[in-house]
Amino acid sequence: MNIAIIFAGGTGTRMGAELPKQFIEIQNKPILIHTLELYQNHKKIDKIYISILKEYFEYTEKLVQKYNISKVAGIVCGGETGMDSIYNALSLAYEENDGDSIVLISDGVRPLITDETIDNNIAGVIEKGNAITTTACFETILLSEDGGQTVKSVPIRRHTFAAQAPQSFYLKDIIEAHNEVRRTPTRYTDLVDSCTLMKSLNKEVHIVEGNRNNIKITTPYDVVIYEALLNNSHAN
């Protein structure tokens, strides 16, 4: 069983729009639906679980029905943080599916994931136990510990990679990792994604290659980029 976990609980404050960013329409379709259709149309994905803002729960249900996203097996309300939102969806998936199922965890505003990336994630979990989609960094990465005033260190560029999504695991492994972190006093502090969560527990995680177009739509500029990429793909 291969399961997509889509978290879309953000409020979109950086977008500056009235609607949360996942519901902004591009080419007459919400960004969230663009993302869901990637998994709906992929032959290896069996189920989809969505974590959404509580106040948009019914709206999301209607969108899923309108666009016939038939693989959706459950929708849950998001939590206090993005990691809480992921946990809520994982918990429902764990209740309803075997722990040996593979889960691909992704943002609801990342609508340019390719079939190849999904295939690579599934294969990566089967081969090595987990898979983190990444691209090699072309820019120099600087580490600062004083709010961006001075440079603390400069990692060697060829050692640096940018994490994307999906980030994929066996369901039993990632839910166990969440439960372990949730028992600590700091819980999800400074844990921004599933990769950092696993590394906080000294777990080994493995890289699979992504693609540079796999952007997360966060700002108005990202919308412009996505529209341009869509128009280019249609032109070809």
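See above for the structure.
Draft legend 1. Geometry of the overall build of the chain. From N to C terminus, the chain includes seven helices and seven strands. Put simply, the chain runs from its N terminus to its C terminus through helices and strands in the order β-α-β-α-β-α-β-α-β-β-α-α-β-α. Whereas a compact globule of 236 residues would reach a radius of gyration of roughly 18 Å, the chain reaches 18 Å, a difference of no more than 12%. Each of the three principal axes of the chain carries a C-alpha extent, and together these read 50 × 40 × 35 Å. In the chain, which comprises 236 residues, the share counted as buried stands at 50%. Once local pairs closer than 6 in sequence are excluded, the contacts in the chain between residues at least 24 apart make up 74%. For the chain, the exposed area adds up to about 12300 Å²; of that, 48% sits on carbon and sulfur atoms. For the chain, the separation between the mean place of its 23 positive charges and that of its 30 negative charges on side chains is 2 Å.

Draft legend 2. Geometry of unusual backbone geometry. The peptide bond linking A165 to P166 adopts the cis configuration, its omega dihedral lying at 5 degrees. Relative to the helices and strands, P166 is located in strand β6 (residues 161-170). Even without a glycine there, the phi angle at N68 is positive, about 55 degrees. Locating N68 in the fold gives a position in the loop between α2 (57-66) and β3 (72-77). The exposure class of N68 is exposed, given its relative accessible area of 55%.

Draft legend 3. Main features of helix α1 (residues 31-40). α1 sits mainly inside the fold: 10 of its 10 residues count as buried. Every buried residue of α1 is accounted for by I31, L32, I33, H34, T35, L36, E37, L38, Y39 and Q40.

Draft legend 4. Molecular detail of the nonpolar core. Counting 29 residues, the largest nonpolar core has L36, Y39, I45, I48 and I69 as its most contacted members. Mapped by element, the contributors of at least two residues to this core are β1 (2-8), α1, β2 (47-52), α2, β3, β4 (102-107) and α4 (115-128). No other element matches α1, which puts five residues into this core. When residues no more than four places from it in sequence are discounted, the contact partners of L36 are I6, I48, I50, V64 and I69. Formed by 27 residues, the second largest nonpolar core is a distinct cluster that contains V76, Y87, A89 and L201.

Draft legend 5. Quick look at the pattern of salt bridges. As enumerated under the stated definition, the model contains seven salt bridges in all. A salt bridge links D84 to R182; the nearest nitrogen and oxygen atoms lie 2.9 Å apart. Taken as a pair, D84 in helix α3 (residues 82-96) and R182 in helix α5 (residues 171-182) lie far apart in primary sequence, 98 residues in all. By relative accessible area, D84 is classed as buried at 7%.

Draft legend 6. Representation of the packing of aromatic side chains. In this structure the tally under the stated criterion is three aromatic pairs. Grouped by ring-pair contacts, the aromatic residues F23, Y56 and Y59 constitute a single cluster. Between R182 and the ring centre of Y87, over which it is positioned, the NZ or CZ distance is 3.9 Å. Here R212 stacks its cationic end above the ring of F138, 3.9 Å away from the centre of that ring.

Draft legend 7. Representation of the sheet that holds β3. Taken together, seven strands build an open sheet; the order of strands is β3-β2-β1-β4-β6-β5-β7 and the sheet is mixed. Each end of this open sheet is capped by a strand with a single partner; those strands are β3 and β7 (207-209). With strand direction ignored, the average angle separating the axes of adjacent strands in the sheet is 25 degrees. Examined bridge by bridge, β2 and β3 share five bridges and lie parallel to one another. By the bridge assignment for β3, S51 is matched with V76. Relative to β3, α2 is tilted by about 165 degrees, and along the sheet it contacts β2 and β3. Each of β4 and β6 is contacted by α5, which is oriented at about 110 degrees to β6, the strand it contacts most.

The rules behind the values
- Residues numbered from 1 in each chain as written.
- Predicted model: local features only at pLDDT ≥ 70, side-chain atom pairs only at ≥ 80, totals over all residues.
- Heavy atoms only, no water.
- Helix = DSSP H or I, 4+ residues; strand = E, 2+ residues; numbered from the N terminus.
- Rg over C-alpha atoms; globule rule 2.2 N^0.38 Å.
- Buried < 20%, exposed > 50% of the residue type's maximum accessible area, 1.4 Å probe, protein only.
- Contact = heavy atoms within 4.5 Å.
- Areas by Shrake-Rupley, 256 points an atom, 1.4 Å probe, with all protein chains shown as cover.
- Lys, Arg positive; Asp, Glu negative; His and termini not counted.
- Charge placed at Lys NZ, Arg CZ, Asp CG, Glu CD.
- Core = buried A, V, L, I, M, F, W, Y, C linked by side-chain atoms within 4.5 Å.
- Salt bridge = Lys/Arg side-chain N within 4 Å of Asp/Glu carboxyl O.
- Phe/Tyr/Trp six-rings, centres within 6.5 Å; stacked < 30°, edge-to-face > 60°.
- Lys NZ or Arg CZ within 6 Å of the ring centre and 35° of its normal.
- Pairing = 2+ DSSP bridges.
- Axes fitted to C-alpha atoms, helices over the stretch in contact; angles between N-to-C directions.

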